[in-house]
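Observations on the model geometry
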Amino acid sequence: MSDLILGIESSCDDTSAAVIRDEYLLSNVMASQEVHRQYGGVVPELASRAHELNIVPCVSTALKNAGIKISEINAIAFTRGPGLLGSLLVGTSFAKGLSLATGKPLVDVNHLQGHILSHFIKQKGKENRSPEFPYLCLLVSGGHTQIVKVNSPLEFEILGHTIDDAVGEAFDKCSKMMGLGYPGGPVVDRLAKTGDPLKFKFAKPRIAGLDYSFSGIKTSLLYSMRDYVREDADFIEKNKEDICASFQKALIDILMEKLIKAVDMTGIKTVAIGGGVSANSGLRNRITDEGVKRGWITFVPEFKFTTDNAAMIAISGLYKYRAGMRCGLDAAPVSRAADMNRLSIL
Ligand code: KG4
Ligand code: ZN
């Protein structure tokens, strides 16, 4: 008997629906919201409205592309948190309505668990490598930066986390300060490719243990830009590639220093990255190179599974479904869910 799971993701500004049969992906449909670009960041109210418009077409296209009917599904998995409350409400309410209408069970999924388990999504005709447990995952997104010890698909230990901004926010703010638009990560990544990563230096945080901090480096960038621009109004335009390359390198250095420490402390040499910032080419190359140098087994997600997608929600839902975990119609969305284990047992 195979398990067919419909996954629904609506935590921020991407509406997505996916279908998996066991670990194999049958469809993954995404609707990104361009409307936020002009505002330089996600506008929560506009995000919820766009989810309302996108969710029905997304889910019906996902079912159609998978070649299955809703009656064949075993369970509906949806992102319950963390994220923007209005956005989460759309996916959660839609999932509940669908469950009520079809009698299919509901499985609530923590968005972060989804990013971490994205390495387990299998696709026909692909190599489909996935990490063995336990492994370490560097979870890097727009809202979170954590080093997580993954003991099983349902058991996570947060070894370190950011005490202020997430690394994705640092990328976005860098872009905003330089007037390069939103989302910042992909723009900084693109410009960094032709820049000199050693041209500028930024203040590095000194935080104990495995925790991170990114607010200081952001301020360091702001102050150095301000001083340079005072002397030359065109400074940013003339140096944008070098600024991006140097700032990106500084962020990756910070991420890697603690990750290396976590490997040394735990002795776990299976290391993965996940979340929106795992799309960054500099980070992808760096983890691969460090892995070769240090004898790690590394896992870098396929590009389409780095940013928010419902395939990762479906795979997480599959593991919870198999473990007998369900949620009721009273399951309310949760905007903050720092502790993944807490959401898993709801
Ligand atoms: O996981 P995600 O799509 O949403 C959250 O769960 O937060 O992550 C979004 C973050 C944004 O900060 C975005 O700038 C960043 O991921 N990002 C990148 C790249 N692509 C997306 N950061 C650096 N380099 C990229 N190529
Ligand atoms: Zn995400």
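Structural data are supplied above this passage.
Description of the structure in this document. (Residues numbered from 1 in each chain as written. Chains lettered and ligands numbered in written order. Predicted model: local features only at pLDDT ≥ 70, side-chain atom pairs only at ≥ 80, totals over all residues. Heavy atoms only, no water.)

**Brief notes about the packing of aromatic side chains**
Any two aromatic rings considered together are summarised by their centre-to-centre distance and by the angle between their planes. All told, the structure shown has 9 aromatic pairs when counted by the stated rule. Here Phe120 and Phe133 contribute two aromatic rings whose centre-to-centre distance is 5.4 Å and whose plane-to-plane angle is 5°, an arrangement assigned as stacked. On the criterion of sequence distance, the pair formed by Phe120 in the loop between helix H3 (111–116) and strand E6 (135–140) and Phe133 in the loop between H3 and E6 is long-range, its members being 13 residues apart. With a relative accessible area of 7%, Phe120 lands in the buried category. Taken together, the ring pairs in this structure connect Phe120, Phe133, Tyr135 and Tyr319 into an aromatic cluster. Here Lys124 stacks its cationic end above the ring of Tyr24, 5.8 Å away from the centre of that ring. (Phe/Tyr/Trp six-rings, centres within 6.5 Å; stacked < 30°, edge-to-face > 60°. Helix = DSSP H or I, 4+ residues; strand = E, 2+ residues; numbered from the N terminus. Buried < 20%, exposed > 50% of the residue type's maximum accessible area, 1.4 Å probe, protein only. Lys NZ or Arg CZ within 6 Å of the ring centre and 35° of its normal.)

**Comments concerning helix H1 (residues 44–66)**
For H1, which comprises 23 residues, the first-to-last C-alpha distance of 31 Å matches the rise-based estimate of 33 Å (1.5 Å per residue) to within 8%. At Asn54, H1 shows its strongest bend, of approximately 40°, with the proline Pro57 following within four residues. Of all the residues in H1, the buried ones are Ala47, Ser48, Ala50, His51, Asn54, Ile55, Cys58, Val59, Ala62, Leu63 and Ala66. Looking at the buried side of H1, the elements it contacts are strand E1 (4–9), strand E2 (14–21), strand E3 (24–32) and helix H2 (85–102). Where H1 terminates, the next one or two residues include Gly67, which has phi positive at roughly 70°. (Expected span 1.5 Å × (residues − 1). Bend = angle between axes of the 7 residues up to and from the residue. Contact = heavy atoms within 4.5 Å.)

**Some remarks on helix H9 (residues 311–322)**
Taking 1.5 Å as the rise per residue, H9 with 12 residues should run 16 Å; its terminal C-alpha atoms sit 17 Å apart, in good agreement. Most of H9 sits out of view: 11 of its 12 residues are buried. Listing the buried residues of H9 in full gives Ala311, Met312, Ile313, Ala314, Ile315, Ser316, Gly317, Leu318, Tyr319, Lys320 and Tyr321. Directly beyond the C-terminal end of H9, a positive phi value near 80° is found at Gly324.

**Thoughts on the layout of surface pockets**
Size it by volume and the second largest pocket reaches roughly 280 Å³. Surrounding the second largest pocket, 13 residues form its lining, His119, Asn128, Arg129, Val300 and Glu302 being those nearest its centre. Residue composition of the lining of the second largest pocket, grouped by class: 5 nonpolar, 4 polar and 4 charged. Per-domain counts for the lining of the second largest pocket show at least three residues from each of domain 1 (4–127 + 305–343) and domain 2 (135–301). (1 Å grid on protein atoms, 1.4 Å probe; cavity = no way out; pocket = protein on both sides within 12 Å on 5 of 7 lines; lining within 4 Å. Points joined across faces, edges and corners; volume = space filled by probe spheres on them. Nonpolar A, V, L, I, M, F, W, Y, C, P; charged D, E, K, R; others polar. Domains from an automatic or database assignment.)

**Some details on the coordination of the zinc ion (ligand 2)**
Bound to the zinc ion (ligand 2) on the protein side are His111 (NE2), His115 (NE2) and Asp308 (OD), at distances that span 2.0 to 2.1 Å. One chain supplies every donor to the zinc ion (ligand 2), and in sequence these donors are spaced H-x3-H-x192-D. Taken together, the positions of His111 in helix H3 and Asp308 in the loop between strand E10 (297–299) and H9 put the pair 197 residues apart, joining distant regions of the chain. Taking the relative accessible area as the measure of exposure, His111 reaches 7% and is therefore buried. (Donors = N, O, S within 2.8 Å, 3.2 Å for Na, K, Ca; no water.)

It is worth stressing that arrangement in space is one thing and function is another; only the former is reported here.
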